Amino acid sequence: MTLSPEAYLWFKTLHIVGVVVWFAGLFYLVRLFIYHVEAAELDPPIKEAFEEQYMLMERRLVNIITTPGMVLAVSMAVGLLITQPSWLYQSWMQAKLVFVAGLLVYHAFCYRLMGQLARGECRWSGRQLRALNELPTLILVIVVMLVVFKNQFPTGAATWLMVGLVLFMAASIQFYARWRRLQQQSPEKNSSSDE
Ligand code: HEM
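Predicted, not measured: the structure shown is a model, and the values here were computed from it. (Residues numbered from 1 in each chain as written. Predicted model: local features only at pLDDT ≥ 70, side-chain atom pairs only at ≥ 80, totals over all residues. Heavy atoms only, no water.)

## Points about the overall build of the protein chain
What counts is decided by this rule: In DSSP terms, a helix is any run of H or I states spanning at least four residues, a strand is any run of E spanning at least two, and both are numbered starting from the N terminus. The size measure is the radius of gyration over C-alpha atoms, and the globule rule it meets is 2.2 Å times the number of residues to the 0.38 power. Here the term buried applies to any residue with accessible area under 20% of the maximum for its type, exposed to any over 50%, and partly exposed to those in between, with areas from a 1.4 Å probe on protein chains only. In this description, contact between two residues means that some pair of their heavy atoms is separated by no more than 4.5 Å. Charge assignment: positive for Lys and Arg, negative for Asp and Glu; neither His nor the chain ends contribute. A charged residue contributes its charge at one atom only: NZ of Lys, CZ of Arg, CG of Asp or CD of Glu.
Within the protein chain one finds seven helices and zero strands. N-terminal to C-terminal, the α/β element order of the protein chain is α-α-α-α-α-α-α. Taking 195 residues into account, the globule formula puts the C-alpha radius of gyration at 16 Å, and the protein chain, at 21 Å, lies well above it. Viewed in the frame of its principal axes, the protein chain has a C-alpha envelope of about 70 × 40 × 25 Å. The proportion of buried residues among the 195 residues of the protein chain is 32%. Long-range pairs, those at least 24 residues apart, make up 78% of the contacts in the protein chain between residues at least 6 apart in sequence. Positive and negative side-chain charges in the protein chain, numbering 16 and 13 respectively, have mean positions lying 11 Å apart.

## Regarding the site of the ligand
Counted only if it meets this: Any residue with a heavy atom positioned within 4 Å of a molecule or strand is treated as near that molecule or strand. Polar contacts, as counted here, are pairs of nitrogen or oxygen atoms within 3.5 Å of one another; within protein the pair requires one atom able to donate a hydrogen and one able to accept it, and residues that are adjacent in sequence qualify only if both atoms are side-chain atoms.
Surveying the vicinity of the ligand reveals 21 residues, the closest of which are Tyr8, Lys12, His15, Lys96 and Lys150. One of the side-chain N or O atoms of Lys12 is found 2.9 Å from an oxygen atom in the ligand. One of the side-chain N or O atoms of Lys96 is found 2.6 Å from a nitrogen atom in the ligand. Contributions of two or more residues to the shell around the ligand are made by helix H1 (5-38), helix H2 (44-83), helix H3 (91-118) and helix H5 (134-149). Looking at which element gives the most residues to the shell around the ligand, the answer is H1, with seven residues.

## A word on the side chain of Asn133
With respect to the helices and strands, Asn133 occurs in the loop between helix H4 (126-132) and H5. By relative accessible area, Asn133 is classed as buried at 11%. Once you skip the residues sitting within four places of it in the chain, Asn133 turns out to touch Leu26, Phe27, Val30, Arg31 and Tyr106.

## Some words on the coordination of the iron atom of the ligand
Inclusion rule: Sites may look incomplete, because water is not among the atoms used; the donor set itself consists of N, O and S atoms within 2.8 Å of the metal (3.2 Å for Na, K and Ca). Four donors are marked tetrahedral only if all angles between them lie between 85 and 135 degrees, whereas four are marked square planar and six octahedral if opposite donors are more than 155 degrees apart and the other angles lie between 65 and 115; the remainder are marked irregular.
Donor atoms from the polypeptide that bind the iron atom of the ligand are His15 (NE2) and Lys96 (NZ), placed at 1.8 to 2.1 Å. Taken together, the six donor atoms coordinating the iron atom of the ligand and their angles of 84 to 179° define a geometry best described as octahedral. Of this pair, His15 sits in helix H1 while Lys96 sits in helix H3, placing them 81 residues apart in sequence. Neither His15 nor Lys96 differs from the other in exposure class; each is buried.

## Some words on the pattern of salt bridges
Pairing between side chains of opposite charge can happen when their charged atoms approach one another. Put simply, the rule reads: Definition used for salt bridges: Asp or Glu carboxyl oxygen within 4 Å of a side-chain nitrogen of Lys or Arg.
Taken as a whole, this structure holds five salt bridges when the rule is applied. Among the salt bridges present, the one from Glu51 reaches Lys47, with a minimum N-O distance of 3.6 Å. Placement of the pair is Glu51 and Lys47 together in helix H2, with a separation of four residues, close to one helical turn. Shared partners join several salt bridges into a network, and the residues in it are Glu38, Glu41, Arg130 and Arg181.

## Examining the state of the cysteines
To keep it simple, the criterion reads: Our working definition of a disulfide is a cysteine sulfur pair at a distance within 2.5 Å.
All chains considered together, the criterion is met by zero disulfides. For Cys110, which is in no disulfide, the shortest distance to another cysteine sulfur is to Cys122 and amounts to 11 Å. For Cys110, a relative accessible area of 0% corresponds to the buried category.

## Let's talk about a nonpolar patch on the surface
This is how it is decided: Patches in this entry comprise residues that are over 30% relatively accessible and not in a salt bridge; like charges within 9 Å are linked, as are nonpolar side chains (Val, Leu, Ile, Met, Phe, Trp, Tyr) within 5 Å. Each accessible area value is a Shrake-Rupley result obtained with a 1.4 Å probe; residue values ignore everything except the protein chains displayed when judging cover.
Together, Leu3, Val74, Val78, Ile82 and Leu104 line one region of the surface with nonpolar side chains, adding up to about 390 Å² of accessible area. Per-element accounting of the nonpolar patch gives the leading share, three residues, to H2. Residue class for Leu104 comes out partly exposed when judged on its relative accessible area of 35%.

## Here's the deal with the environment of Glu6
Within the secondary structure, Glu6 is located in helix H1. A sequence separation of 136 residues divides Glu6 from Ile142, and the C-alpha atoms of the two residues are 27 Å apart.

## A few points about the packing of H1 against H3
Operational definition: Between the N-to-C directions of two axes lies an angle of 0 to 180 degrees, each axis being a line fitted to C-alpha atoms and, for a helix, fitted only over the stretch in contact. Two helices cross in a left-handed way if the nearer one is turned anticlockwise from the farther one by less than a right angle. They cross in a right-handed way if the turn is clockwise. Each residue gets one label: Ala, Val, Leu, Ile, Met, Phe, Trp, Tyr, Cys and Pro are nonpolar, Asp, Glu, Lys and Arg are charged, and the others, such as Gly, are polar.
At their nearest, the axes of H1 and H3 sit 11 Å apart, and the two run at 35° to each other. The crossing of H1 and H3 is left-handed. Contact residues: His15, Trp22, Phe23, Leu26, Leu29, Val30, Phe33, His36 and Val37 in H1; Lys96, Leu103, Leu104, Tyr106, His107, Cys110, Leu113, Met114 and Leu117 in H3. The residue makeup of the contact of H1 with H3, split by class, is 14 nonpolar, three polar and one charged.

See below:
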């Protein structure tokens, strides 16, 4: 059976939609894990209520957004490869598949973390989870560069600027979280809010 050239464009359209949904779900999921872990610092009755709520939000996010996004992105990618199998022999595609495999492992790892959080067995701190959340950003940038530049992957100043930007973003998130934590612990702030 030969597919029409339009089929390829449909696969690509839905592939990109799937990728956007998948990443939105992955980014928000780990953000919820951070709130979930930090809820442990609250006083007992509120703590339980928050943890219950985060658990529900995480489960719904994974089942309704993150995993369906992944299934759509991957199944449409299979459609693209069936329509044009020659991509598989190109080195940019082979490199892309290695990063996508990493992303699938990350997805499974998040699923595992969700189970640990639900059972109260998660050992990750909010700080570590914030750092973990930078991993899909890095994969996203590299994979998008691979599909755009293909075998002419750039290694010049612009690429290093991009890497620098991702690292700067990761560091800013850590510093901002630390600054907020210090603000909350500061005695002057607490006494002025009591006034
Ligand atoms: C299951 C693994 C995947 C396979 C086999 C795959 C395969 C493909 C193929 C064959 C194309 C069409 C390339 C073209 O027509 O130029 C494509 C496009 C694209 N893919 Fe993937 N993909 C996968 C996962 C991903 C992931 C995880 C991302 C995002 C990080 C992604 C982002 C994109 C984008 C943005 C395009 C559009 C590129 C363009 O039209 O120039 N893909 N993919």
